[in-house]
Amino acid sequence: MAERKSKGFTPEERAAMKERAEELKAEARKADGESALLAKVAEMKGKDRAMGRRIHEIVKAGAPSLSPKTWYGMPAWANKDGKVVCFFQSAEKFKSRYATFGFSDQANLDAGAMWPTSFALTELTAADEKKIGALVKKAVS
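If you're wondering where the values come from, they're calculated on a predicted model, not measured in any experiment.

Novice: Describe the packing of aromatic side chains, and please don't skip the residues or the numbers.
Specialist: Taken as a whole and judged by the stated rule, the model has 4 aromatic pairs. Residues tryptophan 71 and phenylalanine 87 carry aromatic rings whose centres are separated by 5.3 Å and whose planes lie at 50 degrees to one another, so their mutual orientation is tilted. Taken together, the positions of tryptophan 71 in strand S1 (residues 67–71) and phenylalanine 87 in strand S3 (residues 84–89) put the pair 16 residues apart, joining distant regions of the chain. Judged by its relative accessible area of 12%, phenylalanine 87 is buried. Here the aromatic rings of tryptophan 77 and phenylalanine 101 are separated by 6.4 Å at their centres, their planes lie at 55 degrees, and the arrangement is tilted. With tryptophan 77 in strand S2 (residues 74–78) and phenylalanine 101 in strand S4 (residues 99–103), the pair connects residues that are 24 residues apart, well separated along the chain. Considered together, tryptophan 77 and phenylalanine 101 belong to a single accessibility category, that of buried residues. Connected via pairs of aromatic rings, a cluster forms that spans Trp71, Tyr72 and Phe87. The side chain of arginine 20 reaches across the aromatic face of tyrosine 72, ending 5.5 Å from its centre.

Reading guide: rules and limits
- Residues numbered from 1 in each chain as written.
- Predicted model: local features only at pLDDT ≥ 70, side-chain atom pairs only at ≥ 80, totals over all residues.
- Heavy atoms only, no water.
- Phe/Tyr/Trp six-rings, centres within 6.5 Å; stacked < 30°, edge-to-face > 60°.
- Helix = DSSP H or I, 4+ residues; strand = E, 2+ residues; numbered from the N terminus.
- Buried < 20%, exposed > 50% of the residue type's maximum accessible area, 1.4 Å probe, protein only.
- Lys NZ or Arg CZ within 6 Å of the ring centre and 35° of its normal.

So this is what it looks like as structure tokens:
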């Protein structure tokens, strides 16, 4: 049997795990989730920062029951049990060509046997904002 060497985690994955450990410590100290989320958005550059700010506004308006927080170094919004329902991942974070707005398994988006759980974003149009708002409302219904 051929021996396979694990290449381990990428530097980006290690950084995300380190950020998650810090988030867990902050949660234990009852840190303000919105301040942490806005700080992460402020670290973003260009379009990612603008989209992150706007998505935060959309989620707050569409699902005020969700609490802002960070999750693996990404802006995220959690239900009353502290479980992440949706998140925003900047393109820069993992050197991707697009940002991502996604939903966890806590979101009520089930539609048959298959449905999308994340969306690629290169910009936010008015139609995109409306769609995200509707998805977020459905996710917490």
